[in-house]
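Coordinates in review
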Amino acid sequence: MQLQDILYSQGFGTRRVCAGLIQQGLVQVYKENESLAPVTIVQAAIEFEANGLRFRVQGVDWPYAERAYILLNKPAATECSQKPSTYPSIYTLLPTPLRQRPQKGAVQGVQAVGRLDQDTTGMLLLTDDGKFIHRMSSPRHHVPKVYEVTVKHPLDERQVSQLLAGVVLDDDPKPVRAAACEAMSSHHLRLTLTEGKYHQVKRMLAAVSNRVEALHRSQIGSLRLPDDLAPGQWRWLDASDLSRIQESA
């Protein structure tokens, strides 16, 4: 694949822009797991094997990724929308190439796999892989998601039992059950869900006469949010991460 096409596929702009970056000497390439120093390339049409290629664009290192899989630690007061209404968009936390990765459809860049409310924090996945989004979002696959819930009123065994047995939400006569539920302290609940409905955690707690004061998603599948990933930070997911996310699906 020509280097300009590789950069284009990774979101660095049009092919003309990518060719310009290369011709200006702003792109260096090297192979993953090799000790050779990055080499500056000035010919846009030079061919490379894309898999395993790494490149440095204007001083920033990037891996080649046929599909991008990203983990973001979502901070509070952000919206999972390209066109936010009140708070900043989570997409502003990502570098431009991730937001510009070309797509076959009208929408470009990585997209959130489901949404978290503006005041909910924690683990959020983003990708440009439509099949992955469907697999993770579909209720048929029952991917477990773990939430740390701070509640207003003290928890008791009755509330935990009700959440496990199932509660009826106002717009759905079918009971919604927690896959797991444990009171970690008087005001801290660890709740595992395998489906996603609008404001589901808040509505489930309201159904047992309590109220959510803070909500944080800490785990998807068997992959936990890393302790060293601060709110607002992101990182790439590798094959092992993806396997741990999907192994329960």
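Above this text is the structure in question.
Residues numbered from 1 in each chain as written. Predicted model: local features only at pLDDT ≥ 70, side-chain atom pairs only at ≥ 80, totals over all residues. Heavy atoms only, no water.

**Quick word on the pattern of salt bridges**
Selection rule: A pair is scored as a salt bridge if a Lys or Arg side-chain nitrogen falls within 4 Å of a carboxyl oxygen belonging to Asp or Glu. Secondary structure elements are defined from DSSP: runs of H or I of at least 4 residues count as helices, runs of E of at least 2 residues count as strands, and each element is numbered from the N terminus.
Under the definition given, this model contains nine salt bridges. In this structure, Lys 202 engages Asp 119 in a salt bridge whose closest nitrogen and oxygen atoms are separated by 3.0 Å. One end of the pair, Lys 202, is in helix H6 (residues 200-207); the other, Asp 119, is in the loop between strand E6 (111-112) and strand E7 (121-127), with 83 residues separating them in the sequence. Across the pair Glu 148 and Arg 190 runs a salt bridge, and its minimum N-O distance is 2.9 Å. Of this pair, Glu 148 sits in strand E8 (residues 145-151) while Arg 190 sits in strand E12 (residues 188-193), and the two are 42 residues apart along the sequence. Here the residues in one salt-bridge network are Asp 117, Asp 119 and Lys 202, joined through shared partners.

**Examining unusual backbone geometry**
We count it as follows: Categorising residues by exposure relies on relative accessible area from a 1.4 Å probe, with only protein chains included: less than 20% of the type maximum marks a residue as buried, more than 50% marks it as exposed, and the intermediate range marks it as partly exposed.
Backbone geometry at Gln 58 places phi at a positive 50°, although glycine is not the residue there. If you trace the backbone, Gln 58 turns up in the loop between strand E3 (53-57) and strand E4 (60-63). Here His 142, not a glycine, exhibits a phi torsion of approximately 50°, which is positive. Mapped onto the secondary structure, His 142 falls in the loop between helix H4 (130-137) and E8. Judged by relative accessible area, which is 46%, His 142 ranks as partly exposed.

**Quick look at the sheet that holds strand E1 (residues 27-31)**
Put simply, the rule is: What makes two strands pair is DSSP finding at least two bridges between them.
Taken together, the four strands give an open sheet; going across it, the order is E2-E1-E3-E4, and neighbouring strands pair in antiparallel fashion. The sheet is open, and its two borders are formed by strand E2 (39-40) and E4, each paired with just one other strand. Bridge count between E3 and E4: four bridges; the pairing is antiparallel. Bridge assignment links Arg 54 to a residue of E4, and that residue is Pro 63.

**Points about the pairing of E3**
Side chains of E3 alternate between two faces, with Leu 53, Phe 55 and Val 57 buried and Arg 54 and Arg 56 left unburied. Linking two consecutive strands that pair antiparallel, namely E3 and E4, is a turn of two residues; a positive phi of about 50° is found at Gln 58 within it.

**Describing helix H7 (residues 239-246)**
Let me state the cut-off plainly: Each C-beta atom gives one direction from the helix axis, and the arc is the one those directions make. Residue contacts are defined here by distance: any two heavy atoms, one from each residue, within 4.5 Å place the two residues in contact.
Every buried residue of H7 is accounted for by Asp 241, Leu 242 and Ile 245. In an axial view of H7, the angular spread of the buried residues amounts to 95°, which keeps them on one side of the axis. In the core, the buried residues of H7 are packed alongside strand E5 (69-74), E7, H4, strand E13 (212-220), strand E14 (223-224) and strand E15 (234-236).

Coordinates in, geometry out; function isn't part of it.
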